[in-house]
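Now for the letters of each chain:
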Amino acid sequence: MPTSHTPAPTRRKTDLMLFMLVSFGMSWACWGTAIALGGPAAAGTPTYVPFLLGAFGPLAGALVIRIRRRRRGEPVPEHAVRFRPAAVLLAPLLMLAASAAVLTAAVIGHAAGDPAPSWSDAQDTMRAMGGPAAFLVSMIISGPLSEEPGWRGTAYPRMRATMGRFRIALVLGVIWAVWHMPLFFIDGTVQNDLGLATPGGVLFAVGNIPMAMLVTCAYERAGVLASIAVHFAVNTTMVLLAVKTPATQALIMGCQIILIALLLATGRRRTAGQAMDVPATEAPLPDARDTVRA
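Right, let's walk through the structure included here. For clarity, every value in this text was computed on a predicted model and none was experimentally measured.

Observations regarding helix α3 (residues 57-71)
Inference 1: Over its 15 residues, α3 runs 21 Å from end to end, which matches the ideal 21 Å to within 8%, given 1.5 Å per residue.
Inference 2: Here α3 has its buried residues at Gly-57, Pro-58, Ala-60, Gly-61, Ala-62, Ile-65 and Arg-69.

Observations concerning the packing of aromatic side chains
Inference 1: Under the counting rule described, the total for this entry stands at seven aromatic pairs.
Inference 2: With 5.7 Å between their ring centres and 90° between their planes, Phe-19 and Trp-151 make a pair best called edge-to-face. In this pair, Phe-19 is assigned in helix α1 (residues 8-37) and Trp-151 in helix α6 (residues 132-160), connecting sequence segments 132 residues apart. The two residues Phe-19 and Trp-151 agree in class, both being buried.
Inference 3: Geometrically, the ring pair formed by Phe-184 and Phe-204 is edge-to-face, given 5.8 Å between the ring centres and 80° between the ring planes.

Notes on the packing of α3 against α6
Inference 1: The interhelical angle for the contact between α3 and α6, taken along N-to-C directions, is 45°, at an axis separation of 7 Å. The pairing of α3 with α6 is recorded here as oblique in orientation. As α3 runs across α6, the sense of the crossing is left-handed. In contact with Pro-58, Leu-59, Ala-62, Ile-65 and Arg-69 of α3, α6 contributes Leu-145, Ser-146, Glu-147, Pro-149, Gly-150, Trp-151, Thr-154 and Arg-158.
Inference 2: Here the contact of α3 with α6 is built from residues that sort into seven nonpolar, three polar and three charged.

A few points about the nonpolar core
Across soluble globular proteins, nonpolar side chains have a tendency to be buried as a group.
Inference 1: In terms of nonpolar packing, the biggest core is built from 51 residues, with Met-20, Trp-151, Leu-214 and Val-230 touching the most fellow members.
Inference 2: Secondary structure elements with two or more residues in this core: α1, α4 (86-111), α6, α7 (165-179), α9 (199-240) and α10 (246-275).
Inference 3: Among the elements that take part in this core, α9 stands out by supplying 14 residues, more than any other.
Inference 4: Residues in contact with Met-20, not counting those within four places in the same chain, are Gly-25, Trp-151, Ala-155, Leu-172 and Ile-175.

Side note on the layout of surface pockets
Inference 1: The space that makes up the largest pocket amounts to roughly 1400 Å³.
Inference 2: Along its surface, the largest pocket is lined by 44 residues, and Met-139, Thr-189, Val-190, Gln-191 and Val-239 are the ones closest to its centre.
Inference 3: Of all the secondary-structure elements, those providing two or more residues to the lining of the largest pocket are α2 (48-54), α5 (119-128), α6, α7, α8 (190-194), α9 and α10.
Inference 4: When residues in the lining of the largest pocket are grouped by element, the largest group, ten residues, is from α9.
Inference 5: Grouping the amino acids of the lining of the largest pocket by side-chain chemistry returns 26 nonpolar, 15 polar and three charged.
Inference 6: Looking at the second largest pocket, it is lined by 24 residues, and the ones nearest its centre are Arg-66, Ala-80, Pro-149, Gly-153 and Val-224.
Inference 7: Those elements giving two or more residues to the lining of the second largest pocket turn out to be α3, α6 and α9.

Some thoughts on a nonpolar patch on the surface
Inference 1: Judged by side-chain polarity, Trp-28, Leu-170, Val-174 and Val-178 come together as a nonpolar surface patch covering roughly 340 Å² of accessible area.
Inference 2: The greatest single-element share of the nonpolar patch, amounting to three residues, is contributed by α7.
Inference 3: Secondary-structure assignment places Val-174 in helix α7.
Inference 4: In this structure Val-174 comes out as partly exposed when scored by relative accessible area, which is 43%.

Thoughts on the side chain of Glu-147
Inference 1: Examined against the element boundaries, Glu-147 turns out to sit in helix α6.
Inference 2: One buried charged residue, Glu-147, forms no salt bridge at all, with the nearest opposite charge on Arg-152 at 5.7 Å.
Inference 3: Looking at Glu-147, its side chain comes within polar contact range of the side chain of Trp-176, at 2.7 Å.

Here we look at the side chain of Glu-74
Inference 1: Inspection of the secondary structure assignment puts Glu-74 in the loop between α3 and α4.
Inference 2: A relative accessible area of 13% places Glu-74 in the buried class.
Inference 3: A distance of 2.5 Å separates a polar atom in the side chain of Glu-74 from a polar atom in the side chain of Arg-11.
Inference 4: Side chain to side chain, Glu-74 and Arg-72 meet in a polar contact 2.6 Å long.

So, unusual backbone geometry
Inference 1: Phi at Ala-242 is positive, roughly 55°, even though this residue is not glycine.
Inference 2: Secondary-structure assignment places Ala-242 in the loop between α9 and α10.
Inference 3: Of the residues examined, Ala-242 reaches a relative accessible area of 46% and is grouped as partly exposed.

Conventions we followed
- Residue positions within a chain follow its written sequence, with the count starting from 1.
- Where totals are concerned, whole chains, interfaces and linings use all residues; where local detail is concerned, this predicted model gives features only for residues with pLDDT of at least 70, and gives and counts side-chain atom pairs only at 80 or more.
- Based on all heavy atoms of the structure, the side-chain values leave hydrogens and waters out of the count.
- Helical segments are the DSSP runs of H or I of at least four residues, strand segments are the runs of E of at least two, and each set is numbered from the N terminus.
- Between the first and last residue of a helix there are one fewer steps than residues, each counted as 1.5 Å, and that sum is the expected span.
- When accessible area is computed with a 1.4 Å probe and restricted to protein chains, residues below 20% of their type maximum are described as buried, those above 50% as exposed, and intermediate ones as partly exposed.
- When the centres of two rings from Phe, Tyr and Trp lie within 6.5 Å, Trp using its six-membered ring, the rings pair. Their planes under 30 degrees apart give stacked, over 60 give edge-to-face, and anything left gives tilted.
- Angles run from 0 to 180 degrees between N-to-C directions of axes, and those axes are lines fitted to C-alpha atoms, restricted for helices to the stretch in contact.
- What sets the label is the angle itself: under 35 degrees gives roughly parallel, over 145 gives roughly antiparallel, 65 to 115 gives roughly perpendicular, and the rest give oblique.
- Left-handed is the label given to a crossing in which the near helix is rotated counterclockwise from the far helix by less than a right angle, and right-handed is the label when the rotation is clockwise.
- Throughout, a contact is declared for two residues whenever any of their heavy atoms are within 4.5 Å.
- In the scheme used here, Gly and all other residues not listed as nonpolar or charged are polar, with Ala, Val, Leu, Ile, Met, Phe, Trp, Tyr, Cys and Pro taken as nonpolar and Asp, Glu, Lys and Arg as charged.
- Among buried residues, the Ala, Val, Leu, Ile, Met, Phe, Trp, Tyr and Cys ones that are joined through side-chain atoms within 4.5 Å form a nonpolar core.
- Using protein atoms alone on a 1 Å grid, points that fit a 1.4 Å probe yet trap it form a cavity, whereas open point sets bounded by protein on both sides within 12 Å along at least five of seven lines form a pocket; residues with an atom within 4 Å of a point count as lining.
- Grid points are joined across faces, edges and corners, and a volume is the space filled by probe spheres set on the points.
- Note that patches include only residues with greater than 30% relative accessible area and no salt bridge, and the join distances are 9 Å for like charges and 5 Å for nonpolar side chains (Val, Leu, Ile, Met, Phe, Trp, Tyr).
- For the area figures, the Shrake-Rupley method with a 1.4 Å probe applies, and any residue is considered shielded solely by the protein chains shown.
- By definition here, a salt bridge exists when the distance from a side-chain nitrogen of Lys or Arg to a carboxyl oxygen of Asp or Glu is within 4 Å.
- For this count, His and the chain ends are skipped, Lys and Arg are scored as positive, and Asp and Glu as negative.
- Polar contacts here mean pairs of N or O atoms no more than 3.5 Å apart (in protein, one a potential hydrogen donor and the other a potential acceptor; neighbouring residues in sequence count only if both atoms are side-chain atoms).

Printed below as a string of structure tokens:
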């Protein structure tokens, strides 16, 4: 039983505010140091270490909240998705779907006049980052693994207690975009290459909203493992395809919205099918099927 007598809504709000303070505080302090040092954020440079550490702000925030929750003797938040063995199979499928959405947008963009995806360019990108293995490790650590336990695993369940998933996607998408802002001022980052006051920079910021909804759909299906997989798939595919043109960026958002609609539609059908197997008085709410209850 919880040891704290503070009302649950107050605890959720306090934890959420603390998570944001830790996440932004650590990330922006590290990225501010990288900006002050100058130079490219490349391995072997003084700028690289604070640039890399900055990505771990959300993970640090998640660990702080986890420690606080355990010390208070509280159960896992109601809308945290439990790990299921099926997630091991579902996460790769969601990862492939997310990557396919980006690839489809790039192919359509090429048909409309954008540069064609190039395997040789992708190989050059991997070589520049130390080879395929180093590239993949870097892509999964810096972004998916360093962020998803925070944004989806910690912030989302607490926000879901009082907000709908679409509103959360909008709010977290905006917060996510603001959190990324210092990266526009660090040489060598994708954001710096796009430029802040450019169509590409604006689309990157706006694109955080459908991206937030997509990884949320993955989280609700199979937990943090799936949200990490989808985040990794989108980032890796975009880097390998060198997506920079505003047209392709806009097409990626469109393809992601279509994928989100498909995931939501199939999710509703699955929930309806499960509800038919139990009496109406015992049928779970749409989100209850994937929650942890103490």
